[in-house]
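# Per-entry structural report
In case you want the letters, here they are:
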Amino acid sequence: PANLNWVITSKCHTVTVSCTAARVYNPTALSPTGRVCCSNIYCFAAICVCASVCFVSEEQEGRTVYLHIHFSNSKMTTPATFITPQITSRSAERVAEDIDKYEKYHTTHGGDVEARKAQYADMVNKYYDLATSFYEYGWGTSFHFAHRLKHETHMESIRRHEHYLALRLGLQPGDKCLDVGCGIGGPLREIALFSGAHVTGLNNNAYQISRALHHNSRTGRNLDKISRFVKADFMNMPFESSSFDAVYQIDATCHAPDQVGCYKEILRVLKPGQYFAGYEWCATDLYDPTNLNHKSIMAEIELGNGLPDVRTTKQTLEALKAAGFELVDSADLSLSADIAWWDPVDPDNWTRLQ
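For clarity, every value in this text was computed on a predicted model and none was experimentally measured. (Residues numbered from 1 in each chain as written. Predicted model: local features only at pLDDT ≥ 70, side-chain atom pairs only at ≥ 80, totals over all residues. Heavy atoms only, no water.)

## A word on the overall build of the protein
Defined as follows: Counting from the N terminus, the helices are the DSSP runs of H or I reaching at least four residues and the strands are the DSSP runs of E reaching at least two. Each residue is placed in one exposure class: buried if its accessible area under a 1.4 Å probe, protein chains only, is under 20% of its type's maximum, exposed if it is over 50%, and partly exposed if it falls in between. Throughout, a residue-residue contact means that at least one pair of heavy atoms, one from each residue, lies within 4.5 Å. The accessible surface values rely on the Shrake-Rupley method and a 1.4 Å probe; as for residues, cover is taken only from the protein chains in view.
Across its full length, the protein carries nine helices and 14 strands. The 354 residues of the protein split such that 46% are buried. Looking at the protein alone, contacts between residues at least 24 apart form 64% of all its contacts between residues at least 6 apart. Here the protein has roughly 18,100 Å² of accessible surface; of this, 54% comes from carbon and sulfur atoms.

## Observations regarding the packing of aromatic side chains
By convention here, two paired aromatic rings are described through the distance between centres and the angle between planes. The cut-off we apply is this: For this analysis, a ring pair means two rings from Phe, Tyr or Trp (six-membered ring only for Trp) whose centres lie within 6.5 Å, classed as stacked if their planes differ by under 30 degrees, edge-to-face if by over 60, and tilted for the remaining angles.
Tallied over the full model, the rule gives 13 aromatic pairs. Plain terms: the ring middles of Tyr-102 and Tyr-127 are 5.7 Å apart, the flat faces sit at 35 degrees to each other, and that makes the pair tilted. Taken together, the residues Tyr-102 in helix H1 (residues 92-103) and Tyr-127 in helix H3 (residues 120-138) connect sequence positions 25 residues apart. Members of the aromatic cluster, joined through ring pairs, are Tyr-102, Tyr-127, Tyr-128, Tyr-135 and Phe-143.

## Here we look at helix H9 (residues 313-323)
Since the α-helix advances by 3.6 residues per turn, residues separated by three or four positions end up pointing in the same direction. How we decide: Note: the arc covers the axis-to-C-beta directions of the helix.
Among all positions in H9, only Thr-316, Ala-319, Leu-320 and Ala-323 are buried. The buried residues of H9 all sit within an arc of 100 degrees when viewed along its axis, so they share a single face. At its buried positions, H9 is contacted by helix H7 (259-269) and strand S14 (270-279). Following H9 by one or two positions, Gly-324 adopts a phi angle in the positive range, close to 115 degrees.

## Topic: the pairing of S14
Stated precisely, the cut-off is as follows: Pairing between two strands requires that DSSP report at least two bridges joining them.
The pairing of strand S13 (residues 244-250) with S14 spans six bridges and is parallel. Within S14, the position partnered with Gln-249 by the bridge is Gly-278.

## Quick word on the sheet that holds strand S12 (residues 227-231)
Which entries qualify depends on this criterion: Lines fitted to C-alpha atoms define the axes here, with helix axes fitted over just the stretch in contact, and angles between the N-to-C directions of these axes take values from 0 to 180 degrees.
Reading across from one edge, S12-S11-S10-S13-S14 is the order of the five strands in this open sheet, with parallel pairing throughout. With one partner strand each, in any of the chains shown, S12 and S14 form the two edges of the open sheet. Pairs of neighbouring strands in the sheet enclose a mean axial angle of 20 degrees, with direction left out of account. Here strand S10 (residues 176-180) pairs with S13 via three bridges, running parallel. Bridge assignment links Asp-179 to a residue of S13, and that residue is Tyr-248.

## As for the pattern of salt bridges
Heads up, the rule is: When a carboxyl oxygen of Asp or Glu is within 4 Å of a side-chain nitrogen of Lys or Arg, the pair counts as a salt bridge.
Considering all chains together, one arrives at 14 salt bridges under this definition. For Asp-122, the salt bridge goes to Lys-126, with nearest N and O atoms at 2.8 Å. Of this pair, Asp-122 and Lys-126 both sit in helix H3, separated by four residues, roughly a single helical turn. The class of Asp-122 is partly exposed, set by a relative accessible area of 31%. Ionic pairing is found between Asp-245 and Lys-271, a salt bridge with its closest N-O pair at 2.9 Å. Residue Asp-245 is found in strand S13, and its partner Lys-271 is found in strand S14; the two are separated by 26 residues along the sequence. Each of Lys-117, Asp-309 and Arg-311 takes part in salt bridges that share partners, so that together they form one network.

## Remarks on the nonpolar core
Applied cut-off: Here, nonpolar core refers to any group of buried Ala, Val, Leu, Ile, Met, Phe, Trp, Tyr and Cys residues whose side-chain atoms link them within 4.5 Å.
Core analysis: the biggest nonpolar cluster contains 22 residues, and Leu-171, Val-199, Phe-229 and Tyr-248 have the highest contact counts within it. Among the secondary structure elements, those contributing two or more residues to this core are helix H4 (154-169), helix H5 (186-195), helix H6 (206-218), S13 and S14. Core analysis: the next-biggest nonpolar cluster, separate from the first, contains 21 residues, Phe-244, Ile-266, Leu-270 and Ala-323 among them.

## Observations concerning the side chain of Lys-126
Using a relative accessible area of 16% as the deciding quantity, one classes Lys-126 as buried. For Lys-126, the contacting residues outside a window of four places in its chain are Asp-98, Lys-101 and Tyr-102.

## Focus: the layout of surface pockets
This is how it is decided: Cavities and pockets are found on a 1 Å grid laid over the protein atoms alone: a cavity is a set of points where a 1.4 Å probe fits but cannot escape, a pocket is an open set with protein on both sides within 12 Å along at least five of seven lines, and a lining residue has an atom within 4 Å of such a point. Grid points are joined across faces, edges and corners, and a volume is the space filled by probe spheres set on the points. Note that Gly is not counted as nonpolar here; it falls among the polar residues with everything else outside the nonpolar set of Ala, Val, Leu, Ile, Met, Phe, Trp, Tyr, Cys and Pro and the charged set of Asp, Glu, Lys and Arg.
Roughly 810 Å³ of volume is contained in the second largest pocket. The element that contributes the greatest number of residues to the lining of the second largest pocket is H3, accounting for eight residues. Broken down by class, the residue content of the lining of the second largest pocket amounts to 23 nonpolar, 13 polar and three charged.

## Brief notes about H7
Looking at H7, one finds that the buried residues are Gln-259, Gly-261, Cys-262, Tyr-263, Glu-265, Ile-266 and Val-269. For H7, the secondary structure elements touched by its buried residues are S10, S13, S14 and H9.

## Let's talk about the pairing of strand S11 (residues 198-203)
Let me state the cut-off plainly: Looking down the strands as they point away from the viewer, one classifies a crossover as right-handed if the path from the first strand across the helix to the second runs clockwise.
For S11, the tally of buried residues reaches five of six residues, placing the bulk of the element in the interior. Pairing of S10 with S11 involves five bridges; the strand directions are parallel. From the neighbouring strand, Asp-179 faces S11, where its bridge partner is Gly-201. Crossover S10 to S11 through H5 is right-handed.

## Some details on empty space enclosed by the protein
Applying the stated criterion across every chain yields a total of two cavities of 30 Å³ or more. Residue classes in the lining of the largest cavity are distributed as six nonpolar, two polar and one charged.

Right, here's the structure in full:
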């Protein structure tokens, strides 16, 4: 419509709209897949509001797609292109096809580790396109396990796990922090609100970023001032060197095809003398690669979690050093937990998941 000016404001999936109408309904725009019709956009008396807006494509078999929008009463003059909407429900045939393609990457279905590493971005994106909604429904918005203490609920342990990282990093208001592999933003929101630091969430999965923006808008807090999301590969980050006061990752860099290369890229964007902290998936010293039962279990873990392989604790610590980090401390948290990290996914204990 003539009374709207659209402009992209950042690399994340956000659009700023200048609107003078009391109500705008059913504007149209061309997307790469066809004509997209906006279901409802409201802007009353040009007051700045924020909403997640549902778009339905006429040429995508009635499937629902989402585009997150910010409304602003500031004057915009630059025309913009719509960000490609993210499909949130797909046909059974498409899901089956994606499952088949994903499974073929893995040893359990005839795949091999080198193919997973070579095509890691596609493999991990397929995994999270398929698994994210299930994670969110059954686990929450923080996609990680936690060191859990006696008499502590699952969600309490998750939050403490995240607060601990913020404290170890010494995050303060005004600090610029990077969350590498931020998922749908659960830890980012918790750490940003807990510490007051500005946290950038890096994620290569567009659907997860759209969910992260959705959850940010639901908090009722002005998270735009202390957070943002950037879609990019953590093996090749779109940031200048020495951009961040702190960096953390939670169960994310396990997806990297090359541990040393990933940690080197993290070191590059971190200011000299500052800290990188995280929780990593590792195989323990008890793992025997010559034991066929152990190998079978590990292959199932790789399949079930979108991993190219699983490195040992020793390999992980050596990779950090090889990348140029000085190791301050490390620990196997499973050894000091009162309740095992796998307890919430043990069918015998599902009644305890809170």
